[in-house]
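Examination of the molecular architecture
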Amino acid sequence: MLPKHEPMFISRSETFKFVAGDTIVLPCEVANTDPYVVAWKRGIAILTAGSVKVTPDPRVRLVNGFNLQIRDAVPQDAGDYICQIATMEPREITHTVEILVPPRIHHMSSSGHLQVKKGSSVRIECSASGNPTPNVTWSRKNNILPNGEEKLHSHILSIENVDRHKGGVYICTANNGVGQPASSQVILHVLYPPEINVERPVVFSGEGHEAMLVCIVHGETQPEVIWFKDTMQLDTTERHIMENRGSRHTLIIRKVHPQDFGNYSCVAENQLGKSRKTLQLSGKPNVAVFNSPPISQYKDRYNISWTVESHAPIEEYKLSFRRLQQGQEVDNSIDSHGSSSSSSSSSSLQMYGGGIIGSSDSIHNYRLGGISGSSSLGSMGGGGMGIGGGYGSYGAGNVIHWGRNDWRDVVLPAIPISHHYTQGMSYMIRGLDPDQHYEATVQARNRYGWSEYSQSFVFSTSSNDNEMRDLSVTFYGSASSRKMIDDICLIPVILLVACMRFLAPN
């Protein structure tokens with residue numbers, strides 16, 4: 001233990017961290033210093049000796065005894081500072097100063113605006129300084145980066161095969177935990193030829209109504225858009241109005257005439273190229289939608305129903321159905337279901353009603369359907385009822401058989417004609433097998449032609465009947481006009497049996 005008259009340090013050597021701009025205070029508390037001199041040194045330079053300031057730096061002074069103060073710290077102030085008692089064998093403590101510097105972005109290889117053509121590659125470098133060394137990240141304003149990430153931890157941003165979706169504001173951010181993060185941004189502007197998307201490839205309308213054909217057009221620079229009907233360029237008239245709001249370009253056709261139906265195209269052009277998209281204005285029915293429950297309450301029949309939107313009255317429907325093989329999967333694509341050549345059968349359903357069309361000599365295919373021509377079966381006429389089941393017979397003992405998994409078609413006149421926009425039908429399919437899955441599609445025809453096939457609809461029969469009901473077909477144009485056609489749709493089971501016996505071969 002030192003004698004009491006010996007000088008000694010109360011402070012201990014330490015490491016201090018100060019942010020640039022702060023005031024540095026380094027403690028040097030001593031005892032029993034008389035008659036010794038206390039001095040501050042940095043390297044070989046003497047800063048103070050006793051109470052006298054030696055350094056010419058105006059920021060340096062002594063406070064509260066021998067504590068050293070340096071105002072407005074700068075990075076150059078970092079280093080070792082020595083407080084020394086000038087004894088025969090000098091005693092000293094050493095303080096280490098580290099200056100923390102907030103991040104600063106001092107270089108961007110592309111700043112402000114950057115214009116590139118579609119398909120080009122972009123490389124932007126962002127350099128930052130600070131203490132400690134900042135972490136540099138890239139982000140995109142109000143969007144994710146082209147690689148799908150929110151941030152990229154790199155000082156280099158690379159974008160390959162640039163397109164309009166990769167344009168935008170890219171932000172370089174430097175952060176080291178000192179002060180506020182620093183950021184700088186670059187706006188990537190992509191030059192590209194016109195790109196067109198159509199809002200609806202097929203627009204359905206009707207005579208006297210208004211139709212709107214819409215093309216969404218993007219391009220840089222802004223493209224000029226021209227509308228065509230077939231090959232004829234359209235001009236603005238009283239009935240043809242062309243509007244554009246931003247990228248949305250609209251051709252409005254007022255009071256549609258029959259000759260307005262057909263193919264249209266929008267053509268967009270700028271300095272980098274030209275693009276065209278086609279649209280169709282159609283008076284045909286829209287695609288029908290099935291709305292019956294997927295599971296029948298009967299084991300051998302199913303009441304299927306659908307609706308369709310059409311500006312013109314529906315004249316007839318064509319319902320197609322088939323039994324699915326076990327394990328067969330059905331997607332939304334519609335199989336081609338032409339005539340079947342299979343002759344396997346385990347049962348048959350007799351056609352009945354006084355309105356059956358055709359004769360035994362006029363049967364040339366194995367389909368149920370068609371309302372005109374010599375190869376038609378199953379059409380309703382004269383108050384009769386088209387067959388609703390899987391197997392059909394016609395005439396004096398002539399029986400047509402279908403394979404269990406073949407497509408079967410039924411053409412159903414829309415009686416009565418409905419002038420409602422939403423129209424539909426309900427039809428009882430008979431002659432089905434119990435506890436089986438079936439697939440169905442339907443088409444609708446008005447004066448302008450057939451609609452596209454509906455999406456496949458899968459329904460199932462029950463293993464047991466829950467209730468006995470009469471055969472029925474329901475036509476409707478809307479909920480308010482839905483009705484049952486008694487002379488077509490109600491045939492007692494006893495009459496059906498009698499018809500079958502009458503038509504059976506001797």
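A brief look at the structure comes next. (Residues numbered from 1 in each chain as written. Predicted model: local features only at pLDDT ≥ 70, side-chain atom pairs only at ≥ 80, totals over all residues. Heavy atoms only, no water.)

1. Observations concerning the sheet that holds strand β3 (residues 24–26)
Judged by pairing direction, the sheet is antiparallel, and its three strands sit side by side in the order β3-β9-β8 without closing on themselves. Taken across any chain shown, the strands that pair with only one partner, and hence form the sheet edges, are β3 and β8 (60–63). For this sheet, the mean inter-axis angle between neighbouring strands, taken without regard to orientation, is 25°. Note that β8 and strand β9 (residues 67–70) share four bridges and pair antiparallel. In the strand pairing of β9, Val 60 is matched with Ile 70. (Pairing = 2+ DSSP bridges. Helix = DSSP H or I, 4+ residues; strand = E, 2+ residues; numbered from the N terminus. Axes fitted to C-alpha atoms, helices over the stretch in contact; angles between N-to-C directions.)

2. Topic: the nonpolar core
Ile 304, Trp 306, Tyr 317, Leu 319 and Phe 459 are the most contacted members of the largest nonpolar core, which totals 23 residues. Sorting the residues of this core by element identifies β27 (302–309), β28 (316–323), β32 (408–413), β33 (422–429), β34 (437–446) and β36 (457–460) as the ones contributing at least two each. Judged by nonpolar contacts, the second largest core, of 21 residues, contains Leu 114, Val 116, Trp 138 and Val 190. (Core = buried A, V, L, I, M, F, W, Y, C linked by side-chain atoms within 4.5 Å. Buried < 20%, exposed > 50% of the residue type's maximum accessible area, 1.4 Å probe, protein only.)

3. Regarding the pattern of salt bridges
Evaluated as defined, the whole model comprises 15 salt bridges. Arg 59 serves as the salt-bridge partner of Asp 57, at 3.0 Å between the closest nitrogen and oxygen. Here Arg 248 makes a salt bridge to Glu 199, at a shortest N to O gap of 2.5 Å. Taken together, the residues Arg 248 in strand β23 (residues 248–253) and Glu 199 in the loop between β17 (182–198) and β18 (202–204) connect sequence positions 49 residues apart. Residue classification places Arg 248 among the partly exposed positions, given a relative accessible area of 31%. A cluster of three or more residues bridged by salt bridges with shared partners is formed by Asp 57, Arg 59 and Asp 77. (Salt bridge = Lys/Arg side-chain N within 4 Å of Asp/Glu carboxyl O.)

4. Quick look at the sheet that holds strand β24 (residues 262–270)
The five strands are arranged β18-β25-β24-β20-β21 in an open sheet whose pairing can be described as mixed. At either end of the open sheet lies a strand with only one pairing partner, and these are β18 and β21 (232–233). As paired elements, strand β20 (residues 224–229) and β24 share six bridges and run antiparallel to each other. Paired with Ile 226 across the strands is Val 267, a residue of β24.

5. Observations concerning the state of the cysteines
Under the definition given, this model contains three disulfides. Two residues, Cys 215 and Cys 266, share a disulfide whose sulfurs are 2.0 Å apart. Measuring the twist about the S-S bond at about -90°, one finds the Cys 215-Cys 266 disulfide to be left-handed. Taken together, the residues Cys 215 in strand β19 (residues 211–220) and Cys 266 in strand β24 connect sequence positions 51 residues apart. Judged by its relative accessible area of 0%, Cys 266 is buried. Taken in sequence order, the bonded cysteines of the chain link in the pattern 1-2, 3-4, 5-6. (Disulfide = S-S within 2.5 Å.)

6. Digging into the packing of aromatic side chains
Under the definition given, this model contains eight aromatic pairs. Relative to Phe 459, the ring of Tyr 302 lies with its centre 4.1 Å away and its plane at 5°, an arrangement referred to as stacked. You can see Tyr 302 sitting in strand β27 and its partner Phe 459 sitting in strand β36, a full 157 residues away along the chain. In this pair, the class of Tyr 302 matches that of Phe 459, namely buried. With a centroid separation of 5.5 Å and 75° between ring planes, the pair formed by Trp 306 and Tyr 317 is classed as edge-to-face. Of this pair, Trp 306 sits in strand β27 while Tyr 317 sits in strand β28, placing them eleven residues apart in sequence. Ring pairing ties together the aromatic residues Phe 290, Tyr 302, Trp 306, Tyr 317, Tyr 438, Phe 457 and Phe 459, which thus form one cluster. (Phe/Tyr/Trp six-rings, centres within 6.5 Å; stacked < 30°, edge-to-face > 60°.)

Interpretation in functional terms is not warranted from these geometric data alone.
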